[in-house]
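# Structure assessment
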Amino acid sequence: MTRRDPPLALLAEVTHRCPLQCPYCSNPVALERAAGELGTDDWCRVIAEAADLGVMQIHFSGGEPLARKDLETMVEQAAKCGLYSNLITSAVLLTEERMNRLRDLGLDHVQISFQDSAAASGDRIGGYRGGHAKKLGAARLVRAAGLPLTLNLVVHRQNLDNLEAMLGMAEALDAHRVEVAHVQYYGWAYENRAALLPNRAQLDRATATVEAARERLKGRVVIDYVVPDYYARRPKACMGGWGRRFLNVSPSGKVLPCHAAETITDLEFESVTARSLAEIWESSPAFERFRGTEWMPEPCRSCDRRELDWGGCRCQAFAITGDAAQTDPACGLSPHHDLMLSLAARESGRGPPDFVYRNYGNIPETPATARPEVLLPDGSE
């Protein structure tokens, strides 16, 4: 068996439980319940196997990782294994005592998500009363503990006009890095696409706002900017390419090439309860399916960007066309690109429907991502 280059990072989704109900959550719509989660010993074994495999960074995520009472044990294990650790959190459960304990056990970095710059809007989007105030307090706890702080600003049509104020908030909180991340339409975000997609004018204003903030904050705050694929001309190299640099372990132990991979319903993903992390990384059929370039259809196969974008996003291809092996519709060369643009224009041009909040009671019987998109000649579905 040919030895593959090791992954650089592991996303450890330790739970799907979360106090927030964000309608754009990237978790699969079929949320894992607490009874199905890996136990402490299994997670500690996975962390050790990741380090042995060559992983350098571990990102503790969810759901809300602070919902796990054994998070400290996992953080301590990561430090013992020499991994750089990052806590990706909503932060509404973070206390000063717990922040300092996690720091003392070896946590290196904290990333906090914000839904808006104002409490009323932020709490409405997150579906959690009082959440915004708790996030502000938690961000100050992170900086008081001496850890670097990233703010993840997830933007969409219902908060995008407040982006300048959100960036000002990040500066005031002494964030080292800001991720201005337009919603990517998988999982719950796909269910809520019509409520979240911005229009082109909003996107252009947001891009100008980010460019101005980068110039103003140069040398003080790093700003990453992720645009929505529905307005793109070329696809992104999703996760650095399928099965090339990244792996994800779900709460139940499934090993995935990306956090949204379970939306591709015709793939089966192996579990760390049955095989080692190294064996899955090296030879799992799901990882092999879209590795490299041999799987690619035309025009990807002969494109001079094929080893730059690695074919773009397989989850998006599946969501829009029903076939994960299709050219990513974000690419202007895709036969489905005009369909994606039409969907964006149609849905962003309507008044937004109510959110379908991310919670166990709202799990749809048939997720929207299980069928291809179709537009009729009159623009209806």
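Report on the accompanying structure. (Residues numbered from 1 in each chain as written. Predicted model: local features only at pLDDT ≥ 70, side-chain atom pairs only at ≥ 80, totals over all residues. Heavy atoms only, no water.)

### Some words on the overall build of the protein
Broken down by element type, the protein carries 14 helices and nine strands. Counting only C-alpha atoms, the protein reaches 60 × 55 × 45 Å along its principal axes. Out of the 381 residues belonging to the protein, those deemed buried represent 53%. Taking the intrachain contacts of the protein between residues at least 6 apart in sequence as the baseline, contacts between residues at least 24 apart amount to 73%. Carbon together with sulfur atoms contributes 50% to the accessible area of the protein, which is approximately 15,800 Å² in total. For the protein, the separation between the mean place of its 43 positive charges and that of its 50 negative charges on side chains is 3 Å. (Helix = DSSP H or I, 4+ residues; strand = E, 2+ residues; numbered from the N terminus. Buried < 20%, exposed > 50% of the residue type's maximum accessible area, 1.4 Å probe, protein only. Contact = heavy atoms within 4.5 Å. Areas by Shrake-Rupley, 256 points an atom, 1.4 Å probe, with all protein chains shown as cover. Lys, Arg positive; Asp, Glu negative; His and termini not counted. Charge placed at Lys NZ, Arg CZ, Asp CG, Glu CD.)

### Here we look at the sheet that holds strand 2 (residues 57–61)
In space, the nine strands of this open sheet follow the order 7-6-5-4-3-2-1-8-9, with mixed pairing throughout. Each edge of the open sheet is held by one strand with a lone partner, namely strand 7 (222–226) and strand 9 (255–256). As paired elements, strand 1 (residues 9–13) and strand 8 (residues 246–249) share four bridges and run parallel to each other. Pairing of Leu11 across the sheet is with Asn248, part of strand 8. Seen against the sheet, helix 2 (residues 71–80) touches strand 2 and strand 3 (84–89) and runs at an angle of roughly 175° to strand 2. (Pairing = 2+ DSSP bridges. Axes fitted to C-alpha atoms, helices over the stretch in contact; angles between N-to-C directions.)

### Re the pattern of salt bridges
Per the counting criterion, the structure on display carries 25 salt bridges. Arg103 serves as the salt-bridge partner of Asp104, at 3.1 Å between the closest nitrogen and oxygen. In this structure Arg103 comes out as partly exposed when scored by relative accessible area, which is 29%. Here Glu347 ties to Arg193 by a salt bridge, and the two come within 2.7 Å at their closest N and O atoms. Of this pair, Glu347 sits in helix 14 (residues 337–348) while Arg193 sits in helix 8 (residues 193–196), and the two are 154 residues apart along the sequence. (Salt bridge = Lys/Arg side-chain N within 4 Å of Asp/Glu carboxyl O.)

### Observations regarding the pairing of strand 6 (residues 177–182)
As judged from the six bridges shared by strand 5 (residues 149–155) and strand 6, these two strands associate in the parallel manner. Bridge pairing in strand 6 links Thr150 to Arg177. You can see the chain leave strand 5, run along helix 6 (residues 163–172) and come back into strand 6, and the turn it takes is right-handed. Both strand 6 and strand 7 contribute to a ladder of five bridges, which runs parallel. (Right-handed = clockwise from strand over helix to strand, strands pointing away.)

### Side note on the environment of Pro364
Inspection of the secondary structure assignment puts Pro364 in the segment after helix 14. We classify Pro364 as partly exposed; its relative accessible area is 22%. Filtering out sequence-adjacent residues up to four positions away, Pro364 remains in contact with Val29, Trp188 and Glu191.

### With respect to the side chain of Arg157
Within the fold, Arg157 resides in the loop between strand 5 and helix 6. Although Arg157 is buried, it makes no salt bridge; Glu347 carries the closest opposite charge, 7.4 Å away. At 3.4 Å, the side chain of Arg157 forms a polar contact with the backbone oxygen of Ser348. Those residues within four positions of Arg157 in sequence are excluded, and the remaining contacts are Ala194, Ala195, Leu196, Leu197, Pro198, Gln202, Glu347, Ser348, Arg350, Gly351 and Pro352. (Polar contact = N/O pair within 3.5 Å; in protein donor to acceptor, adjacent residues only side chain to side chain.)

### Looking at the nonpolar core
The biggest cluster of nonpolar side chains holds 88 residues, and the ones touching the most others in it are Phe60 and Val180. Ignoring any residue separated from it by four or fewer positions in sequence, one finds Phe60 in contact with Ala12, Val14, Ile47, Pro65, Leu71, Met74, Val75, Ala78, Ser85, Asn86, Leu87 and Ile88. Ranked by size, the runner-up nonpolar core spans 19 residues in total, among them Trp242, Ala261, Leu267 and Cys313. (Core = buried A, V, L, I, M, F, W, Y, C linked by side-chain atoms within 4.5 Å.)

### Regarding the state of the cysteines
Counted according to the given criterion, the structure contains zero disulfides. Unpaired in this structure, Cys44 has its nearest cysteine sulfur neighbour in Cys81, at a distance of 8.3 Å. The closest cysteine sulfur to the non-disulfide-bonded Cys303 is located on Cys331, 6.4 Å from its own sulfur. (Disulfide = S-S within 2.5 Å.)

### Comments concerning the side chain of Asn192
Here Asn192 is to be found in the loop between helix 7 (187–191) and helix 8. Within the local environment of Asn192, its side chain forms a polar contact with the backbone oxygen of Trp188, the two atoms lying 3.1 Å apart. In contact with Asn192, not counting residues within four places along its chain, are Pro23, Asp354, Phe355 and Val356.

### Digging into the packing of aromatic side chains
For the structure on display, the rule yields five aromatic pairs. Between the aromatic rings of Trp281 and Phe287, the centroid separation amounts to 5.7 Å while the plane-to-plane angle is 65°, which identifies the pairing as edge-to-face. Judged on exposure class, the residue Trp281 and its partner Phe287 are both buried. An aromatic cluster is defined as three or more aromatic residues linked by ring pairs; in this entry it consists of Trp242, Phe290 and Trp295. Its end group placed over the ring of Trp281, Arg291 keeps NZ or CZ at 4.8 Å from the ring centre. Above the face of the Phe290 ring, Arg314 is positioned so that its terminal group lies 5.9 Å from the ring centre. (Phe/Tyr/Trp six-rings, centres within 6.5 Å; stacked < 30°, edge-to-face > 60°. Lys NZ or Arg CZ within 6 Å of the ring centre and 35° of its normal.)

The analysis is restricted to geometry; functional conclusions fall outside its scope.
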